[in-house]
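Remarks on the overall topology
If you want the building blocks of each chain, they are given just below.
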Amino acid sequence: MTATIASRGTGPRPRLQPTGWLRYFSFSVDHKVIGLQYLVCGFVFYLVGGALAGAIRTELISPVADFMARDVYNQVLTLHGTVMIFLWIVPVVNGAFGNYLIPFYVGARDMAFPRLNAVAFWLIPPAGLLLVASYFITGAAQSGWTAYPPLSVTTPATGQIIWILSVLLLGGSSIFGGINFIATILKLRQPGLKLMQMPMYCWAMLGTSILVIASTPVLAGTLVLLSFDIVAHTGFFNPALGGNVVVYQHLFWFYSHPAVYIMVLPAFGLVSEILPVHARKPLFGYVTMVYSIMGIVVLGLIVWAHHMFTSGTPPWMRLFFTIATTFIAVPTGIKFFNWLATLWGGRISLNSAVLFSCGFIVNFVLGGITGVALAQVPFDIHVHDTYFVVAHFHYIVFGGSVFIIFASVYHWYPKFTGRMLNEDLGRFHCMLTFIGFNLCFGPQHWLGLNGMPRRVSEYDPQFTLINQISSVGALLMAISTLPFLWNVIQSAISGKIAGDNPWNALTPEWLTSSPPPVQNWAGETPLVEEPYGYGVPINAIDLSATSGRDLWRSGK
Amino acid sequence: MQIPSTILTLVLGMVLVIGGLWIGQTINFLPTEASLNALIYDQLFRVLFTIGAILFVGIVGLLVFSLIRFRRKNNYIGDGVAIEGNLPLEIFWTAVPAVVVLFVGLYSYDIYDRMGGIVPLAHDHVNETQEQKIWGGVGSRSIDSETVSNVLSIEVTAMQFAFLFHYPDGNITTGELHVPADRTITLRMESKDVIHAFWVPEFRLKQDIIPGQPTQLSFTATRPGRYPIVCAELCGPYHGSMRSAVVVEEPDAWQSWFSSNTKLT
Ligand code: HEM
Ligand SMILES: [Cu+2]
Ligand SMILES: [Cu+2]
């Protein structure tokens, strides 16, 4: 497809690497293989987490605790939260797409530390299995994914300790990943590619990795102290031994608030790649996008105590965190307006990737609005720890990140496999997910405002109807994964052949074959200085040359 | 590209704002207001809801409009216009949200002040003997500004899975909170085991009850009735059933309840 394909072979291939599909079950060091390993492994855990969500929603169909024992409910709830965050969203938006795309975007043939990269991935399956196995061994942890002491110190210890171990492994995995991304973006960037020319996802991953490295070690340290409290009966957080339970909350949220941005910033990056391609327009406001990412990183690190407005937090602290949190709306707002402006005046094809991205915009705007409301201390005091919060964070993590994960799969599947996904099934999947999602989580705002606390298996009978509506929405969401699964498997076998660049995109991963060769490019690495250079005058376009437009130059 | 004329934008903007105001004023998602705090809270809620509705409808409207207006028609090939940015526009949509959130922040600060939240940490006036810091919930102000005699102090003890209320004055202990309407109540709360939270949705009040670290909360109930007290912090298997009730009575009725239960010493 380009004039630069030279016959340099595929470069040195690591020894002892299986080929074909078997390499996805091996300790491969190829960033593309690792990326897909993250993706598929994450999706498997999504199904696990989804089944747990189904169990939760089944219990909540009736106001009494009749579907499972009360302590089992708390285990299921804890597992659901932990699996969804640590084994699905974080690994997929960071690990999967980061590994697959970042080397392409900076013009590298692999990540900076390929073996560390493989280690980072291979920590995940054992950690996940450990977590799920704890349920069958002695019962899983039951203190919620936040593991607040003293509850986490007084509930059965085995499950809690396994939970800590598992989260530590997953945290280690993300730190390794973060180091690798920063090194790859800053050090392996092709000569000639300026920072301000990188595709936006690189910036998002740079910001995310800074957050990961700044905050994850704090979580790890905290959990180690917590495990001392549990097994060695130390008193860091145990008030019976002179400890302070609120200190744990500060330390925990110092990681776990940034964790929200670790889940959504990469999604912001991905949607910034998807929209310009399908709207055939340059990404609007590149420079402000970059600044807003960095603004979110800085603000994201100083807002954690907004999770603790009712924890006896002194008034001055409540005010500081209210103001800091409220201001995150500004950089976030800029991003949304930029995406709308990217669509404005485009030639938008309404395919599954775009529909999921637009679903994301709608959901995230709502989640963001309730987020700004929650940042106001007086407002939060009423709805903290209620279903309003459950609704809010699912609008962020599911309506935001998960919608973008799906959009990204529809967008990059042709690159992963060389085949197209079925668009009709894709649009059906999108509609069903969007309706199910809003039916499930929309009414929960009302539940929270009117008096239903979260993390309960039994509730006031006046909330029965709304909970049933919510459960029907959950059922629709569960059903909506079926066309997706079918589509992904069926298309891999007999989907339409995609060609190298089915979307006529300009970012570098499309300027190689689909799926790409081991070293990413058979010939020399193209230098893409304008990843968003869309907008050649209409009618002046030479169809046969779309993938070879002069907008990008290759080689030197 | 056709940008709608300025007049049209203006009209649409006004419709949006008026619609938002209307939505904010008419739709009420909240339960009964039964405390002074609730009245203030609901004002904030209406403001947030109005702003939220305007933003949501505006953004989603813009999105849906662009999707329809700029969709790629069948077998149409070619790109959109190559606009990469527009500085005045970007300044505009940085400045406007900044002003909006600044307004929201200041307004909620004012609300918080009116709820009595903005005072330095209160020291325990009841048990002056122990030099103990009490970490304040909302409404610590009223304790300081009102005469002590007018305030009814109650001690709350939370444990897995019940609330206990103790009235030091009459030496009454109950599982149900009885309070007179229109009088400032101060709760001094402590937990025996894990963290619990005291929440009365109709009062719009919540405060964690933390072991080893007493907290306090004060409120004035306004409307006689019976309202649920809900534990809002995961505290173990029976967390969902950790509920009680607060009974708000007219002062006379409350007084007779109080006297008939007072333990004579
Ligand atoms: C895919 C992304 C999802 C993520 C990241 C996620 C995350 C979480 C988290 C962190 C919790 C809190 C757990 C805790 O309080 O310890 C939670 C609770 C819950 N989730 Fe999800 N979830 C996801 C999807 C779903 C889906 C699809 C459903 C519905 C079918 C669902 C239903 C629930 C319910 C009912 C709760 C219980 C809330 C409570 O009682 O506090 N979640 N989720
Ligand atoms: Cu409790
Ligand atoms: Cu509880």
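Please read these numbers as outputs of a predicted model, since none were measured by experiment.

Let's talk about the overall build of chain A
From N to C terminus, chain A includes 16 helices and two strands. Rg of the C-alpha trace for chain A: 23 Å, near the compact-globule value of 24 Å for 556 residues, within the 12% margin. Reported as C-alpha extents along the three principal axes, the dimensions of chain A are approximately 70 × 50 × 45 Å. Counting only contacts in chain A whose residues sit at least 6 apart along the sequence, the fraction spanning at least 24 positions is 82%. When the accessible area of chain A is evaluated, it comes to approximately 17,900 Å², of which 71% is carbon and sulfur surface. Between the mean site of the 26 positive side-chain charges and the mean site of the 20 negative ones, chain A shows a separation of 10 Å.

Topic: the nonpolar core
Note that soluble globular proteins tend to have their nonpolar side chains buried in a common cluster. Phe97, Trp339 and Phe360 of chain A are the most contacted members of the largest nonpolar core, which totals 176 residues. Among the elements that make up this core, the one with the highest residue count is helix 2 (residues 70–106) of chain A (22 residues). Among residues more than four places away in sequence, those in contact with Phe97 of chain A are Leu39, Val92, Ile102, Tyr201, Leu270, Ile405, Ser408, Val409, Trp412 and Phe416 of chain A. In this structure, Ile154, Ala158, Met189 and Leu234 of chain B belong to the second largest nonpolar core, which totals 36 residues.

Topic: the interface of chain B and chain A
With 86 residues of chain B at the interface, the matching set in chain A holds 89 residues. At the boundary of chain B with chain A, total buried surface from both sides reaches about 7,400 Å², with 70% on carbon and sulfur atoms. Looking only at chain B, the three residues that lose the most surface to chain A are Asp79, Trp93 and Leu234 of chain B, adding up to 10% of its buried area. Joining chain B to chain A, the criterion identifies one salt bridge. Remark: the boundary between chain B and chain A carries 17 residue pairs in polar contact (both at pLDDT 80 or more). If you list the elements that add at least two residues to the side of chain B that touches chain A, you get helix 2 (36–69), helix 3 (87–114), strand 1 (135–136), strand 8 (205–209) and strand 10 (225–231) of chain B. A class-by-class count of the residues in the side of chain B that touches chain A yields 53 nonpolar, 22 polar and 11 charged.

Details of the sheet that holds strand 11 (residues 243–249) of chain B
All names here are of chain B. The mixed open sheet is built from five strands, whose spatial order is 5-11-10-7-8. Looking along the sheet, the strands with just one partner apiece sit at the ends: strand 5 (177–180) and strand 8. Averaged over all pairs of adjacent strands, the angle between strand axes in this sheet comes to 25 degrees, irrespective of strand direction. Bridging between strand 7 (residues 196–200) and strand 8 involves five bridges; their strand directions are antiparallel. Each residue of the ladder has a partner; that of Trp199, found in strand 8, is Lys206.

Things to note about the pattern of salt bridges
Taken as a whole and assessed by the stated rule, the structure comprises 10 salt bridges over all chains. Taking the shortest distance from any N to any O, the salt bridge between Asp460 of chain A and Arg243 of chain B comes out at 4.0 Å. One end of the pair, Asp460 of chain A, is in the loop between helix 15 (423–450) and helix 16 (464–494); the other, Arg243 of chain B, is in strand 11, on a second chain. It is possible to trace a salt-bridge network through shared partners that takes in Glu423, Asp424 and Arg427 of chain A.

Digging into the environment of Gly295 of chain A
Mapped onto the secondary structure, Gly295 of chain A falls in helix 9 (residues 286–300). A relative accessible area of 23% means that Gly295 of chain A is categorised as partly exposed.

Description of unusual backbone geometry
Here the residue pair Ser514 of chain A and Pro515 of chain A is connected by a cis peptide bond, since its omega of -10 degrees sits within 30 degrees of zero. Assignment of secondary structure puts Pro515 of chain A in the loop between helix 16 and strand 1 (526–527). The omega angle of the peptide bond from Gln160 of chain B to Phe161 of chain B is 0 degrees, so this bond is cis rather than trans. Its identity as a non-glycine residue notwithstanding, Arg280 of chain A has a phi of 55 degrees, on the positive side. Structurally, the position occupied by Arg280 of chain A is in the loop between helix 8 (245–279) and helix 9. Classification of Arg280 of chain A as buried rests on a relative accessible area of 5%.

Some words on the coordination of the copper ion (ligand 2)
Within the protein, the atoms that donate to the copper ion (ligand 2) are His196 of chain B (ND1), Cys231 of chain B (SG), Cys235 of chain B (SG) and Met242 of chain B (SD), at distances of 2.0 to 2.4 Å. Read from N- to C-terminus, the donor residues coordinating the copper ion (ligand 2) fall into the pattern H-x34-C-x3-C-x6-M.

A closer look at the environment of Val303 of chain A
Residue and element names in this part refer to chain A. For Val303, the position within the fold is in the loop between helix 9 and helix 10 (315–327). C-alpha of Val303 to C-alpha of Phe254: the two residues are 49 residues apart in sequence and 8.2 Å apart in space. Not counting the four nearest positions on each side in its chain, Val303 is found in contact with His257, Phe321, Ala324, Thr325 and Ile328.

Description of the coordination of the copper ion (ligand 3)
Residues and elements named next belong to chain B. Taken together, the protein ligands of the copper ion (ligand 3) are Cys231 (SG), Glu233 (O), Cys235 (SG) and His239 (ND1), with distances of 1.9 to 2.5 Å. Taken together, the four donor atoms coordinating the copper ion (ligand 3) span angles of 91 to 123 degrees at the metal, a pattern that classifies the geometry as tetrahedral. For the copper ion (ligand 3), all donor residues lie on one chain, and their spacing in sequence is C-x1-E-x1-C-x3-H. Between the copper ion (ligand 3) and the copper ion (ligand 2), the interatomic distance is 2.6 Å, and Cys231 donates to each metal, bridging them.

Let's talk about the environment of Gly221 of chain A
The residue Gly221 of chain A is located in helix 7 (residues 200–231) in this model. Taking C-alpha positions, Gly221 of chain A is 42 Å from Pro414 of chain A, a pair spaced 193 residues apart along the chain.

Considerations on helix 15 of chain A
Residues and elements named next belong to chain A. With 28 residues, helix 15 should cover 40 Å at 1.5 Å per step; its first-to-last C-alpha distance of 41 Å lies within 8% of that length. Sitting at the head of helix 15, Asn422 places a side-chain oxygen 2.8 Å from the backbone nitrogen of Asp424. Trailing helix 15 by a residue or two, Gly451 shows a phi angle of about 120 degrees, which is positive.

Thoughts on the confidence of the model for chain B
Residues and elements named next belong to chain B. Averaged over every residue, the pLDDT of chain B is 82; residues scoring 70 or more account for 84%. Looking at the elements of chain B, mean pLDDT is at its lowest for helix 4 (residues 141–145), recorded as 45, and at its highest for strand 10, recorded as 94. Overall, residues 121–132 carries pLDDT values under 50, and its contacts beyond four positions in sequence, including any with other chains, amount to 21 contacts. Within the model, pLDDT remains below 50 along residues 140–147, and this stretch shows 17 contacts once partners closer than five positions in the same chain are excluded.

Conventions and cut-offs
Residues numbered from 1 in each chain as written. Chains lettered and ligands numbered in written order. Predicted model: local features only at pLDDT ≥ 70, side-chain atom pairs only at ≥ 80, totals over all residues. Heavy atoms only, no water. Helix = DSSP H or I, 4+ residues; strand = E, 2+ residues; numbered from the N terminus. Rg over C-alpha atoms; globule rule 2.2 N^0.38 Å. Contact = heavy atoms within 4.5 Å. Areas by Shrake-Rupley, 256 points an atom, 1.4 Å probe, with all protein chains shown as cover. Lys, Arg positive; Asp, Glu negative; His and termini not counted. Charge placed at Lys NZ, Arg CZ, Asp CG, Glu CD. Core = buried A, V, L, I, M, F, W, Y, C linked by side-chain atoms within 4.5 Å. Buried < 20%, exposed > 50% of the residue type's maximum accessible area, 1.4 Å probe, protein only. Buried area = accessible area lost by both parts, 1.4 Å probe. Salt bridge = Lys/Arg side-chain N within 4 Å of Asp/Glu carboxyl O. Polar contact = N/O pair within 3.5 Å; in protein donor to acceptor, adjacent residues only side chain to side chain. Nonpolar A, V, L, I, M, F, W, Y, C, P; charged D, E, K, R; others polar. Pairing = 2+ DSSP bridges. Axes fitted to C-alpha atoms, helices over the stretch in contact; angles between N-to-C directions. Donors = N, O, S within 2.8 Å, 3.2 Å for Na, K, Ca; no water. Tetrahedral: all angles 85-135°; square planar, octahedral: opposite > 155°, others 65-115°. Expected span 1.5 Å × (residues − 1). pLDDT = per-residue confidence, 0-100.

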